[in-house]
Amino acid sequence: MEQQSQDSLRTKDATIALAYKPIIRGYFAVAAAYYGIMTLTHFWLLEGSSLALLASVSSIAFIAALIAYHLVGRDIHIAQLEILTNTINLLVVANVLAALHVEFSQLKLVYFIMMAMIFAFASVSMRQAMISIGIALVGLFSQAIRYDAQSQIMHGFVGFAAAISAVAIAYFLRRAIGLAIADRQQADHARAYAETRLAEALELSEKMRLQSMSDSLTGLPNRRAYYDKLTEGKLEAAKSRTVWLILLDLDGFKAVNDNYGHLMGDELLKSVADRLRSHCTKDAHVSRIGGDEFSIIYFGDAHEISVENWCSSLLDRLAKTYLIEDRLIRISGSIGCCRISSEDPDSTLMQKADFALLHAKKSGKNRVVLFEGRHAEKAAEHFMIEKALRAADFDREIELVFQPQYHIDRQEVVCVETLARWNSPSIGKIGPEQFIRIAEETGLIANITLSVFKKAIAALDGFDDPVPLSVNLSANDLNSNRTIDDLIACLDESNVRPELIEFEITETAMMTDAGRATANLRRLSKRGHSIALDDFGTGFSNFSYLRTLPIDKLKVDRSFLENKADPMTERILHSLVGMARTLEVHCLLEGIESELDMLMAKRVGAQSVQGYLFGMPLSADEMRALRRNPPLLKQTG
Ligand code: C2E
Ligand code: MG
Ligand code: MG
């Protein structure tokens, strides 16, 4: 502790001594000038021994002051500075003593007082000040001894007063300088402290900004950062540069999550991000914008062909096997891209790339699709429908039509399929093939399904002699526990007998998340609802799932009847019907448009038929009328 305070005192003294350097240097300069002039004056006014004595001491003082002036300018130690100053002071006193020796005058004794004062002002340290003041006073007393005792006492008092004043001047001057320095140091410290804190705060805020712009799992820039890059891309595009927006979606990532668990899924995403990072060098900025969705802004000024090649090589890289926790995983990706135009709003650009991505998915995945002029019209229609769907009030805008299913042997309507019709107030009538697909893509289908379902239940109430109604479920419905819960809640409220509601599902619906879809299907089947497999034959050639799923009816797709002239058609239908019979499942042929179709249905042994032969899908009123007067099927074949 003591050591510490001594150290700090020492550094304080050193700092003050340094502050004195310019004063001391000035003092030496004045001394050199003074003694230079004095030497010349001596040569001018004196002669003989007086000249020899005074000129030599003054010239020595002149040269010494010059050397001292020069040395102070260098990097010298405090002790050396003290020695220099004392030497010059000693020479000053020697000059006065020599002058007194040549010509004594009592008046000249005042020089010693003046010298003590000057030495007090120009001293490096207190120690040096004391020595120099001491030298001046010794000089004074050495002359005072020439007088009588009383005069000596008087000179003693004067000398003492001069000493006190000089020491006081030296002390207070040094103190004032010390305080000024301390203030400045404090201010410097405060500034340095503030600057350090400011730098820390800036660093922290930059770190936070980067964090808020990056995805915590993969470390890639996130959606927010992506929008910033998109804006940058648009600015570049405005300068006529070619910039591309590339959307990448992994194919079948959900299955990885379901089969291997979410932790593996996360690891896979990290590895995918690594591959993306290494593919996207300086011109391409990749971000993660969703679960398994990534976007790249490609500034490469590339033509269509080269951007397509670049994307294809990216897909090749992504498709290579991943080794994650000792498991080999394979996954592919689909890419949709569009050229960035500075005039398009962000949403339009996203829609274009999304549309291209959708095409890539639909046309077999693991491929690149560029949004082109020919897509524009379709895309515009797609987005118009999507917009109208988002704003739609389905309970008001959706209507049901009904299509009967005839039992061939019993010659009666055994079931009625409900088909949705949408009349949008903003864009008019849209066919279900179109709006159902877009509703599925946008996740709005659940609302449509519920609306259709409520209407179907209400229609059932309107039939005098209720006939089972079949309702179409889409893949999203079957994979959503919530939608199935909602449907069951609706049924519970209505008290409709379960055998009056049949659900139609498609093979593809079973493929997305087989586990969940099967569980939901079983829930419905266990409640007593019949389950029909719609569009049968268009999906997969492997029918093994038919044995495990609770299917009651196969609806053979109408596309089989498109090639009626081909003898194979009848044979295929025959075997499909045979298979249904083996599985003890009801078999219906869809798309019966003519008597010929009807004949074929009978020949292949289908139990029921559905199609335009019995008219277009009917309104609820028409349906009621038909039920009262069923058409007679011709007894052909
Ligand atoms: P789907 O479930 O296979 O329905 C049968 C479709 O075939 C209906 O077309 C019907 O009008 C049409 N059709 C019936 N008989 C014939 C025929 O003899 N010849 C021809 N060429 N076509 C015939 P629609 O009403 O346009 O529905 C198309 C598809 O839209 C439906 O196919 C179904 O997948 C879907 N859909 C319709 N309503 C709904 C619904 O409420 N929910 C869901 N999820 N999908 C629905
Ligand atoms: Mg159907
Ligand atoms: Mg069908």
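**Things to note about the side chain of D215**
Then comes step 1: Along the chain, D215 turns up in the loop between α6 (149-212) and α7 (223-238).
Then comes step 2: Those residues within four positions of D215 in sequence are excluded, and the remaining contacts are L220, P221, N222 and R288.

**Focus: the coordination of the magnesium ion (ligand 2)**
Then comes step 1: Here the magnesium ion (ligand 2) is held by E417 (OE), N472 (OD1), E504 (OE) and D534 (OD), and the distances to it run 2.1 to 2.2 Å.
Then comes step 2: In primary-sequence terms, the residues that donate to the magnesium ion (ligand 2) follow E-x54-N-x31-E-x29-D.
Then comes step 3: The metal-metal distance between the magnesium ion (ligand 2) and the magnesium ion (ligand 3) is 3.9 Å, with D534 coordinating both. Within this pair, whereas E417 is found in strand β9 (residues 412-424), its partner E504 is found in strand β12 (residues 501-506), the two being separated by 87 residues in sequence.
Then comes step 4: For E417, a relative accessible area of 4% puts it in the buried group.

**Let's talk about the packing of helix α5 (residues 126-144) against α6**
Then comes step 1: The N-to-C vectors of α5 and α6 enclose an angle of 165°; their axes lie 10 Å apart at closest approach. By the angle between their directions, the pair α5 and α6 is classed as roughly antiparallel. Two packed elements cross with a definite hand, and for α5 against α6 that hand is right-handed. Packed against α5, whose contacting residues are M126, A129, M130, I133, L137, L140, F141 and A144, the element α6 presents Q152, H155, G156, G159, A162, A163, A166, V167, A170, Y171 and R174 at the interface.
Then comes step 2: Grouping the constituent residues of the contact of α5 with α6 by class yields 14 nonpolar, 4 polar and 1 charged.

**Topic: the coordination of the magnesium ion (ligand 3)**
Then comes step 1: Within the protein, the atoms that donate to the magnesium ion (ligand 3) are D534 (OD), D535 (OD), E590 (OE) and E590 (OE), at distances of 2.1 to 2.8 Å.
Then comes step 2: Going along the chain, you hit the donors of the magnesium ion (ligand 3) in the pattern D-D-x54-E.
Then comes step 3: On the basis of relative accessibility, which here comes to 28%, the residue D535 falls in the partly exposed class.

**A look at the pattern of salt bridges**
Then comes step 1: The final tally for this structure, using the stated rule, is 31 salt bridges.
Then comes step 2: A salt bridge links E504 to K555; its shortest N-O distance comes to 2.6 Å. One end of the pair, E504, is in strand β12; the other, K555, is in strand β14 (residues 553-556), with 51 residues separating them in the sequence. No difference in accessibility class separates E504 from K555, as the two residues are buried.
Then comes step 3: For the salt bridge of K555 with E590, the shortest nitrogen-to-oxygen distance reads 3.9 Å. Of this pair, K555 sits in strand β14 while E590 sits in the loop between β15 (586-589) and α22 (595-604), and the two are 35 residues apart along the sequence.
Then comes step 4: Take K555: its relative accessible area is 0%, and that puts it in the buried class.
Then comes step 5: One continuous salt-bridge network, built from bridges that share partners, spans E417, E504, K555 and E590.

What counts, and at which threshold
Residues numbered from 1 in each chain as written. Chains lettered and ligands numbered in written order. Predicted model: local features only at pLDDT ≥ 70, side-chain atom pairs only at ≥ 80, totals over all residues. Heavy atoms only, no water. Helix = DSSP H or I, 4+ residues; strand = E, 2+ residues; numbered from the N terminus. Contact = heavy atoms within 4.5 Å. Donors = N, O, S within 2.8 Å, 3.2 Å for Na, K, Ca; no water. Buried < 20%, exposed > 50% of the residue type's maximum accessible area, 1.4 Å probe, protein only. Axes fitted to C-alpha atoms, helices over the stretch in contact; angles between N-to-C directions. Parallel < 35°, antiparallel > 145°, perpendicular 65-115°, else oblique. Left-handed = near helix turned anticlockwise from the far one by under 90°. Nonpolar A, V, L, I, M, F, W, Y, C, P; charged D, E, K, R; others polar. Salt bridge = Lys/Arg side-chain N within 4 Å of Asp/Glu carboxyl O.

Honestly, it's all geometry; don't read function into it.
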